[in-house]
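Each chain, written out:
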Amino acid sequence: MVTKRDGFMFTKVVVVASGNNIDFRVPHDAAPRIKSLLTDLILGKIPPPSNRRPPPRLPHHSRRPPPSNSSANWPN
């Protein structure tokens, strides 16, 4: 991974991959943070996000309390 100045306001962060280069054109002040983040991701210092999704939440009006064992609560 390398950084190069790219004009007056931007720096190019270049990720060298097998068979290809990926260029990110970013503001000068953001380039060191982006380079560091990409390096940490490549080296596995940051764990990948979990593939598990939380269960969908039901709208408030469709939530009902669990049924009780008493038959007195059932409509006739």
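First things first, this report covers the structure right here in the doc. All of these numbers come straight from a predicted model, not from anything done at the bench.

### Some thoughts on the overall build of the protein
And then number 1: A tally of helices and strands in the protein yields one helix and three strands.
And then number 2: Secondary structure elements of the protein occur, N-terminal to C-terminal, as β-β-β-α.
And then number 3: Per-residue burial over the protein gives 11% buried out of 76 residues.
And then number 4: Summarising the internal contacts of the protein: among those between residues at least 6 apart in sequence, 12% fall at separations of at least 24.
And then number 5: Accessible surface for the protein amounts to roughly 7,100 Å². Of this, 59% is attributable to carbon and sulfur atoms.

### Description of the side chain of T11
And then number 1: Counting through the fold element by element, T11 comes out in strand β2 (residues 10-17).
And then number 2: Side-chain polar atoms of T11 contact the side chain of H28, separated by 2.5 Å.
And then number 3: With residues up to four places along the chain from it excluded, the contact list for T11 reads T3, K4, R5, D6, F24, R25, V26, P27, H28 and A31.

### Structural notes on a nonpolar patch on the surface
And then number 1: A cluster of nonpolar side chains, namely L37, L41 and I46, defines an oily patch on the protein surface of about 240 Å² accessible area.
And then number 2: Summarising the element assignment, L41 is placed in helix α1 (residues 31-43).
And then number 3: According to the relative accessible area criterion, L41 is partly exposed, its value standing at 43%.

### Regarding α1
And then number 1: A rise of 1.5 Å per residue sets the reference length of α1, with its 13 residues, at 18 Å; its end C-alpha atoms lie 18 Å apart and thus fit the reference within 8%.
And then number 2: Looking one or two residues beyond α1, the residue adopting positive phi is G44, at roughly 80 degrees.

About the cut-offs
- Residues numbered from 1 in each chain as written.
- Predicted model: local features only at pLDDT ≥ 70, side-chain atom pairs only at ≥ 80, totals over all residues.
- Heavy atoms only, no water.
- Helix = DSSP H or I, 4+ residues; strand = E, 2+ residues; numbered from the N terminus.
- Buried < 20%, exposed > 50% of the residue type's maximum accessible area, 1.4 Å probe, protein only.
- Contact = heavy atoms within 4.5 Å.
- Areas by Shrake-Rupley, 256 points an atom, 1.4 Å probe, with all protein chains shown as cover.
- Polar contact = N/O pair within 3.5 Å; in protein donor to acceptor, adjacent residues only side chain to side chain.
- Patch = residues over 30% accessible without salt bridge, like charges linked within 9 Å, V, L, I, M, F, W, Y side chains within 5 Å.
- Salt bridge = Lys/Arg side-chain N within 4 Å of Asp/Glu carboxyl O.
- Expected span 1.5 Å × (residues − 1).

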